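Notes for the structure review
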Amino acid sequence: MLRLGGQLRMVSPAGGAMVLGWDMTAALAMARALGVDPLIAAECLPEIEAVMVRKINEQMAPQDRQVAGP
């Protein structure tokens, strides 16, 4: 899944950046190029994507919401 790192869909609201998911067209094309069965990729990628989005947004949250202390 590291190969999809450059294929992220992101938004930048006033509070900071947030990952929405992968570019699924690119993800499925990459799976096809790697010889992965398209049906398996279509079934598995959304579930893997959901975990990736949650974890990356959790990692980014502390950086975006840091408050200067005394």
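The rules behind the values
- The numbering scheme is per chain: residues are counted from 1 as the chain's sequence reads.
- The predicted nature of this model means local features are confined to residues of pLDDT at least 70 and side-chain atom pairs, given and counted, to a pLDDT of 80 or more, with totals for whole chains, interfaces and linings taken over all residues.
- The basis for the side-chain values is all heavy atoms of the structure; hydrogens and waters are excluded.
- Here a salt bridge means any side-chain nitrogen of Lys or Arg lying within 4 Å of a carboxyl oxygen belonging to Asp or Glu.
- Only DSSP runs of H or I covering at least 4 residues are called helices, and only runs of E covering at least 2 are called strands; the numbering of each starts at the N terminus.
- To sort residues, take the accessible area from a 1.4 Å probe on protein chains only and compare it with the maximum for the residue type: under 20% means buried, over 50% means exposed, and anything in between is partly exposed.
- Per residue, pLDDT captures the predictor's confidence, and it can take any value from 0 to 100.
- Here, residues are in contact when the closest pair of their heavy atoms is within 4.5 Å.
- The patches reported here contain residues having more than 30% relative accessible area and no salt bridge. Joining distances are 9 Å for like charges and 5 Å for nonpolar side chains (Val, Leu, Ile, Met, Phe, Trp, Tyr).
- For the accessible areas, the method is Shrake-Rupley and the probe is 1.4 Å, while residue cover comes only from the protein chains on display.
- A 3.5 Å cut-off defines polar contacts: any pair of N or O atoms within that distance qualifies, except that in protein one atom must be a possible hydrogen donor and the other a possible acceptor, and neighbouring residues in sequence count only when both atoms are side-chain atoms.

1. Some details on the pattern of salt bridges
Summed over the entire model, instances satisfying the criterion amount to one salt bridge. The salt bridge involving Glu58 is made with Lys55; its shortest N-O contact spans 3.8 Å. Of this pair, Glu58 and Lys55 both sit in helix α2 (residues 38-64), three residues apart, which is roughly one turn of that helix. By relative accessible area, Glu58 is classed as partly exposed at 44%. Since its relative accessible area comes to 43%, Lys55 is described here as partly exposed.

2. Section: the confidence of the model for the chain
Taken as a whole, the chain shows an average pLDDT of 78; of its residues, 76% reach a score of 70 or greater. Of all the helices and strands in the chain, strand β1 (residues 8-11) carries the lowest mean pLDDT, 74, while helix α1 (residues 24-33) carries the highest, 89. Low pLDDT (under 50) marks residues 66-70, which in the prediction has zero contacts with non-local residues, meaning those over four places away or in another chain.

3. Focus on a nonpolar patch on the surface
On the surface, Val11, Met18 and Leu20 cluster together into a nonpolar patch covering about 240 Å² of accessible area. Within the secondary structure, Met18 is located in strand β2 (residues 18-22). Owing to a relative accessible area of 38%, Met18 belongs among the partly exposed residues under this scheme.

4. Some thoughts on the environment of Arg54
Inspection of the secondary structure puts Arg54 in helix α2. Its relative accessible area of 46% is what places Arg54 among the partly exposed residues. Sequence separation between Arg54 and Met18 is 36 residues; the distance between their C-alpha atoms is 10.0 Å.

5. Observations concerning α1
Of the residues that open α1, the one with a side-chain oxygen 3.1 Å from the backbone nitrogen of Thr25 is Asp23. Following α1 by one or two positions, Gly35 adopts a phi angle in the positive range, close to 85°.

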